[in-house]
Amino acid sequence: MLERLQSDFPVIEKPFHKIASDLDIEPQEVVSRVKHLKNQGYIRRIAPIIDSREIGLTGTLVAMKVPENRIEEVAETVNQYIEVSHNYQRNHEYNLWYTLSTTSRQKIDQIIDEISRETGIDEIIELPSLQMYKIGVSFSFTDK
Amino acid sequence: MTELNLNKKEKKVLTALQDGIPITENPYQQIAESIGMETNELLNIVKDLTKQGKVRRFGASINHYKAGKKYNAMIVWDVPNYDVDRIGRKMTEYEEVSHCYERPRRKDWNYNLFTMVHGESEGETQEIAKKISKDLNLHEYELIYSTREFKKTGVKLPKQKTKQK
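Every chain is numbered on its own, with residues counted from 1 as its sequence reads. Going through the entries in the order they are written, you letter the chains from A and number the ligands from 1. Owing to the predicted nature of the model, reporting of local features is limited to residues with pLDDT of at least 70; listing and counting of side-chain atom pairs is limited to 80 or more, with chain, interface and lining totals taken over all residues. Computation of side-chain values covers all heavy atoms of the structure but excludes hydrogens and water.

*Asks:* Could you give an account of the overall build of chain B, with specific residues and numbers?
*Replies:* Within chain B one finds five helices and five strands. Across its three principal axes, chain B shows a C-alpha extent of roughly 55 × 35 × 35 Å. Burial classes follow relative accessibility: with a 1.4 Å probe on protein chains only, a residue under 20% of its type's maximum area counts as buried, one over 50% as exposed, and anything between as partly exposed. The 165 residues of chain B split such that 51% are buried. Taking as baseline every contact in chain B between residues at least 6 positions apart, the subset at least 24 positions apart corresponds to 63%. Only DSSP runs of H or I covering at least 4 residues are called helices, and only runs of E covering at least 2 are called strands; the numbering of each starts at the N terminus. In what follows, residue pairs with any heavy atoms lying within 4.5 Å of each other are defined as contacts.

*Asks:* Lay out the packing of helix α2 (residues 15-23) of chain A against helix α3 (residues 27-39) of chain A with the relevant residues and their values.
*Replies:* The description of two packed helices rests on the angle between their axes and on the distance between the axes. All names here are of chain A. Contact pair α2 / α3: the axes reach a minimum separation of 8 Å and the direction vectors enclose 105°. If you check the angle between α2 and α3, you find them roughly perpendicular. Across the interface between the two elements, Phe16, His17, Ile19 and Ala20 of α2 pack against Pro27, Val30, Val31 and Val34 of α3. The residue makeup of the contact of α2 with α3, split by class, is seven nonpolar, one polar and no charged. Between N-to-C directions, angles span 0 to 180 degrees; the directions come from axes that are lines fitted to C-alpha atoms, helices contributing only their stretch in contact. Roughly parallel here means an angle under 35 degrees, roughly antiparallel means over 145, roughly perpendicular means 65 to 115, and every remaining angle is called oblique. Think of it as three bins: nonpolar holds Ala, Val, Leu, Ile, Met, Phe, Trp, Tyr, Cys and Pro, charged holds Asp, Glu, Lys and Arg, and polar takes everything else, Gly as well.

*Asks:* Give a description of the interface of chain B and chain A that names residues and reports values.
*Replies:* Contact residues are listed per partner, giving 89 residues for chain B and 83 residues for chain A. The junction of chain B with chain A conceals about 8500 Å² of combined surface from both sides, 56% of it contributed by carbon and sulfur atoms. A pair is scored as a salt bridge if a Lys or Arg side-chain nitrogen falls within 4 Å of a carboxyl oxygen belonging to Asp or Glu. Counting every contact that joins chain B to chain A gives four salt bridges. The closest approach of N and O atoms between Asp51(A) and Arg56(B), which form a salt bridge, is 3.8 Å. Polar contact is the term for a pair of N or O atoms within 3.5 Å; when the atoms are in protein, one must be able to donate a hydrogen and the other to accept it, and sequence-neighboring residues count only if both atoms are side-chain atoms. One can count 47 residue pairs in polar contact (both at pLDDT 80 or more) joining chain B with chain A. Of the residues contributing to the side of chain B that touches chain A, the split by class is 36 nonpolar, 27 polar and 26 charged. Where strand β1 (residues 43-50) of chain A meets strand β1 (residues 55-62) of chain B, seven bridges bridge the pair, whose relative direction is antiparallel. Bridged to Ile49(A) within β1(B) is Arg57(B). Two parts placed together each lose some accessible area under a 1.4 Å probe, and adding up what both lose gives the buried area. The criterion for strand pairing is that DSSP finds at least two bridges linking the strands in question.

*Asks:* Explain the domain arrangement of chain B to me, using residue names and the numbers behind them.
*Replies:* Along its sequence, chain B is organised into domain 1 (8-52) and domain 2 (64-145). For the domains described, the bounds stem from an automatic or database domain assignment. Distance between the C-alpha centres of domain 1 of chain B and domain 2 of chain B: 36 Å.

*Asks:* Would you mind going over unusual backbone geometry in detail, with residue names and values included?
*Replies:* Located in the positive-phi region is Asp24(A), a residue other than glycine, with phi close to 60°. Tracing the backbone through its elements, the reader meets Asp24(A) in the loop between α2 and α3. At Asn137(B), a residue that is not glycine, the phi angle is positive and equals roughly 60°. Tracing the backbone through its elements, the reader meets Asn137(B) in the loop between α5 (122-136) and β5 (141-152).

*Asks:* So, the pattern of salt bridges: which residues are in play, and what are the values?
*Replies:* Side-chain pairing between opposite charges can occur once the charged atoms of the two side chains come close. All told, the structure shown has 19 salt bridges over all chains when counted by the stated rule. Across the salt bridge formed by Glu126(A) and Arg105(A), the nearest N and O atoms sit 2.9 Å from each other. Within this pair, whereas Glu126(A) is found in strand β5 (residues 124-126), its partner Arg105(A) is found in helix α5 (residues 105-119), the two being separated by 21 residues in sequence. Three or more residues joined by partner-sharing salt bridges are found here, namely Lys65(A), Glu93(A), Glu123(A) and Asp108(B).

*Asks:* Talk me through helix α3 (residues 39-52) of chain B; I want residue IDs and the actual numbers.
*Replies:* Residues and elements named next belong to chain B. Each residue after the first adds 1.5 Å to the expected span of a helix. Between its first and last C-alpha atoms α3 spans 20 Å; for 14 residues at 1.5 Å apiece the expected length is 20 Å, and the two agree. All of the buried residues along α3 are Thr39, Leu42, Leu43, Ile45, Val46 and Leu49. For α3, the arc enclosing every buried residue in end-on projection is 160°, short of the 170-degree limit, so these residues lie on one face. For α3, the exposed residues lying more than 90 degrees away from the buried face are Asn40 and Lys51. Taken together, the buried residues of α3 touch α1 (8-17), α2 (27-34) and β1. Positive backbone phi, approximately 85°, marks Gly53, located one or two places after α3. As used here, the arc is the angular range of directions from the helix axis to the C-beta atoms.

Written out as structure tokens, the structure is:
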């Protein structure tokens, strides 16, 4: 079911009916199972995955060296920006990594500066993608 | 501010859909009603955006931590500059590699190729890194694990205001 939901979710009036007939289950059963998966947090959302470049967004990856005892506070400052789509703590001296995407290079610089000023952290590297070779997000799940 | 490469209706539809459809029998109808649009028109706009390549796919975002893929290693590689393109393409052939990007070197940062690898154990991701390292003759690399997720929302369309609150 998770695999079926990941790609090619039907863009038709009753999408869960189509999935139901593909999997040979009752539509109500599909709806209630998907609701359950979502409530349990296995599914974050069912939504269009946009190609940010195609719609005119510019993105980058930013890494900061944050003192361990300030990581939550700094992460919270970073998270306030709707332009931030991912934000992770990682086990490296650069320990906070976030992605930014917005409509201009200028705006990106402005946000990075603002975060730096607001948090007082200036050990930052900015790593825009120069070339994208693979961006695949489908996972296969083995039964356990 | 630079404009998005979307017309007004496309922007309206994507904004309404970006947090996800409701899990009901008529999810698109509910979204269409909320923005005062006919369901058919909304469906056609989404199909058209997909045809144009502005929507890469429609589907569920899975929380792979919850679904058992708990170890997400960002493997960063120091690849000779002249060979980045060939190596980048080679990386795509590994099923375990979900993302691969070339990024610039910086002062204090000497890795120029980034791959994401997901596994069910730390050992599994290390084995994958070792295998790739051997296959492609790349010996300068590091595995960097995410230890905490503070945000993962998918790219959002910008609003007028910068901050959410």
